[in-house]
Amino acid sequence: MAGQTKKSETSSAKAFVCEHCQKGFSKETVLAVHNCETKRRLAQEKESGVRLGFNCFNQFHRSLRSTAADKTYREFVDSPYYLAFVKFVRYLVEIRAVAPESYCDWLLRNNKKLDDLVS
Ligand SMILES: [Zn+2]
């Protein structure tokens with residue numbers, strides 16, 4: 001008779017933790033299909049719209065603090081401004097802005113509020 005191996009593991013421990021939201025899962029497969037906002041945002045890093053939003057975000061930060069180093073993409077993702085910038089870039093694409101990055105630059109220099117423009 002084939003012995004059933006009973007694993008006496010501490011099954012309550014969530015061995016697989018999402019590195020983005022720190023949520024724990026008991027199975028690796030569940031973690032793999034798990035999707036959270038941060039994971040989704042990180043996966044979109046290569047999208048042109050998101051990249052442009054990221055560039056604008058850095059322009060925005062440079063305009064605030066002259067000596068600041070550029071922010072990382074991860075910092076952008078965690079930033080409360082993430083949605084505002086991505087929304088703004090989608091808006092630029094929608095109106096077919098000729099040079100979105102210059103537009104972004106102009107916007108920041110003139111102290112326009114992103115939310116005012118997009119809404
Ligand atoms: Zn997660």
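Sequence order as written defines the numbering, with residues in each chain counted from 1. Under the rules for a predicted model, residues below a pLDDT of 70 receive no local features and side-chain atom pairs below 80 are neither given nor counted, while totals for whole chains, interfaces and linings still include all residues.

Brief notes about the overall build of the protein chain
Using the following cut-off: Strands are runs of DSSP state E lasting at least 2 residues, helices are runs of H or I lasting at least 4, and numbering of each runs from the N terminus. Whether a residue is buried, exposed or partly exposed follows from its count of other C-beta atoms within 10 Å of its own C-beta, namely 20 or more, 12 or fewer, or something in between, respectively; the C-beta atoms are built from the backbone. Whether two residues are in contact is decided by their C-beta atoms, placed from the backbone, lying within 7 Å.
Broken down by element type, the protein chain carries seven helices and two strands. When the elements of the protein chain are put in sequence order from the N terminus, they spell out β-β-α-α-α-α-α-α-α. Looking at the protein chain as a whole, 13% of its 119 residues qualify as buried. The long-range share in the protein chain, meaning contacts at least 24 apart out of those at least 6 apart in sequence, stands at 48%.

With respect to the environment of valine 77
Inspection of the secondary structure assignment puts valine 77 in helix α4 (residues 73-78). Owing to 20 C-beta atoms within 10 Å, valine 77 belongs among the buried residues under this scheme. Placed 23 residues apart in sequence, valine 77 and phenylalanine 54 show a C-alpha to C-alpha distance of 8.8 Å. Leave out the neighbours within four places in its chain, and valine 77 touches Thr38, Arg41, Leu42 and Tyr82.

Examining the nonpolar core
Quick reminder of the rule: In this usage, the nonpolar core is the set of buried Ala, Val, Leu, Ile, Met, Phe, Trp, Tyr and Cys residues whose C-beta atoms join them within 7 Å.
Among the nonpolar cores identified, the biggest contains 13 residues, and Cys56, Phe57, Phe85, Phe88 and Val89 are the most heavily contacted of them. Once residues within four sequence positions are removed from consideration, phenylalanine 57 is found in contact with Lys71, Phe76, Ser79, Tyr81 and Phe85.

Description of the environment of tyrosine 81
Topologically, tyrosine 81 is positioned in the loop between α4 and α5 (82-94). Considered as a pair, tyrosine 81 and phenylalanine 54 are 27 residues apart in the sequence and their alpha carbons are 10.0 Å apart.

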